[in-house]
Amino acid sequence: EPEVTQTPSHQVTQMGQEVILRCVPISNHLYFYWYRQILGQKVEFLVSFYNNEISEKSEIFDDQFSVERPDGSNFTLKIRSTKLEDSAMYFCASSDQGQGVKLFFGSGTQLSVL
Amino acid sequence: KQEVTQIPAALSVPEGENLVLNCSFTDSAIYNLQWFRQDPGKGLTSLLLIQSSQREQTSGRLNASLDKSSGRSTLYIAASQPGDSATYLCAVCYNTDKLIFGTGTRLQVFP
């Protein structure tokens, strides 16, 4: 069964450093998402992406965050200058249509900012 | 504010029991509702998706119901098994791209 893959599974970085989290969505999917889950808290929406542009973003997704689909298969989340509070599990998701269909999630990247 | 709440927060039951997990949402104008399963160290797996016009969805031993007017959904698990042990998340969509998640119910089924 097709799946969303995320790399790396764990990322440790120093505060102020840039990180790039990578995702390979399911190949025929057109809608892409990033969510995050801080330890012990709810899963939170960050951003959605369709047709090579951001379609929606949350208040969490400030200027420190950016997303990109650099080629036909990868979807990346960049955090320019990491803060301690960016430590979380980051999930990538994709779907073949917009709203109203199931989302397929990757297994996540655990980001630890020291 | 649109919020999603799940009760109980944790549940531990012997194998074979039928279970009901609850989800409530403050704004009843939902577009759809999904139930997910989350295993430790793994991603979220969508179990059932209910559109706002539907009352229930079934998949195997799982049945999800939706009462939009009262802002509630339930996930019914029949004949629970140890392999059902996981965290179950409810997520609501309000005609935007984002899902609003509940805090989850951590389920343990022991043999």
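The structure we're discussing is the one just above.
What comes next is a walk through the structure. Here the residue numbers are simple positions, counted from 1 along each chain's written sequence. To label them, take the chains in the order written and letter them from A, then take the ligands in the order written and number them from 1. Residues qualify for local features only when their pLDDT is at least 70, as the model is predicted, and side-chain atom pairs are given and counted only at 80 or more; totals for whole chains, interfaces and linings, by contrast, use all residues. The basis for every side-chain value is the complete set of non-hydrogen atoms in the structure, without hydrogens or water.

By convention, a stacked pair of Phe, Tyr or Trp rings (six-membered ring in the case of Trp) has centres within 6.5 Å and planes under 30 degrees apart, an edge-to-face pair has planes over 60 apart, and any other such pair is tilted. Per the counting criterion, the structure on display carries 12 aromatic pairs over all chains. Plain terms: the ring middles of F32 of chain A and F75 of chain A are 5.4 Å apart, the flat faces sit at 40 degrees to each other, and that makes the pair tilted. Placement of F32 of chain A in strand 4 (residues 31–37) and of F75 of chain A in strand 8 (residues 75–79) is noted, with a sequence separation of 43 residues between them. When sorted by exposure, F32 of chain A lands in the same class as F75 of chain A, which is buried. Judged by centre distance (6.3 Å) and plane angle (80 degrees), the ring pair of F91 of chain A and F105 of chain A falls under edge-to-face. Taken together, the positions of F91 of chain A in strand 9 (residues 88–95) and F105 of chain A in strand 10 (residues 104–105) put the pair 14 residues apart, joining distant regions of the chain. As far as the burial class goes, F91 of chain A and F105 of chain A line up, both buried. Every member of this aromatic cluster is reached through a ring pair, and the members are Y35, F45, F91 and F105 of chain A together with F36 and F101 of chain B. Helical segments are the DSSP runs of H or I of at least four residues, strand segments are the runs of E of at least two, and each set is numbered from the N terminus. Buried residues are those whose accessible area, probed at 1.4 Å on protein chains only, stays under 20% of the maximum for their type, while exposed residues exceed 50% and partly exposed ones sit between those limits.

What follows deals with the pattern of salt bridges. Residue and element names in this part refer to chain B. The term salt bridge refers to a side-chain nitrogen of Lys or Arg lying within 4 Å of a carboxyl oxygen of Asp or Glu. Under the criterion given, the structure shown has 3 salt bridges over all chains. One salt bridge in this structure joins D84 and R61, with 2.8 Å as the shortest N-O distance. Here D84 is found in the loop between strand 8 (72–77) and strand 9 (86–93), whereas its partner R61 is found in the loop between strand 6 (56–59) and strand 7 (62–67), with 23 residues between them in sequence. By relative accessible area, which is 8% here, D84 ends up buried.

As a further point, take the state of the cysteines. Structurally, a disulfide amounts to a covalent bond that connects the sulfur atoms of two cysteines. All names here are of chain B. Here, a disulfide means two cysteine sulfur atoms that sit within 2.5 Å of each other. Within the structure shown, the criterion is met by 2 disulfides over all chains. Between the sulfur of C23 and that of C90 lies a disulfide, 1.9 Å long from S to S. Disulfide C23-C90: the torsion about the S-S bond is -55 degrees, which places it as left-handed. In this pair, C23 sits in strand 3 (residues 19–25) while C90 sits in strand 9, placing the two residues 67 residues apart along the sequence.

Function cannot be read off these values alone, since they describe shape.
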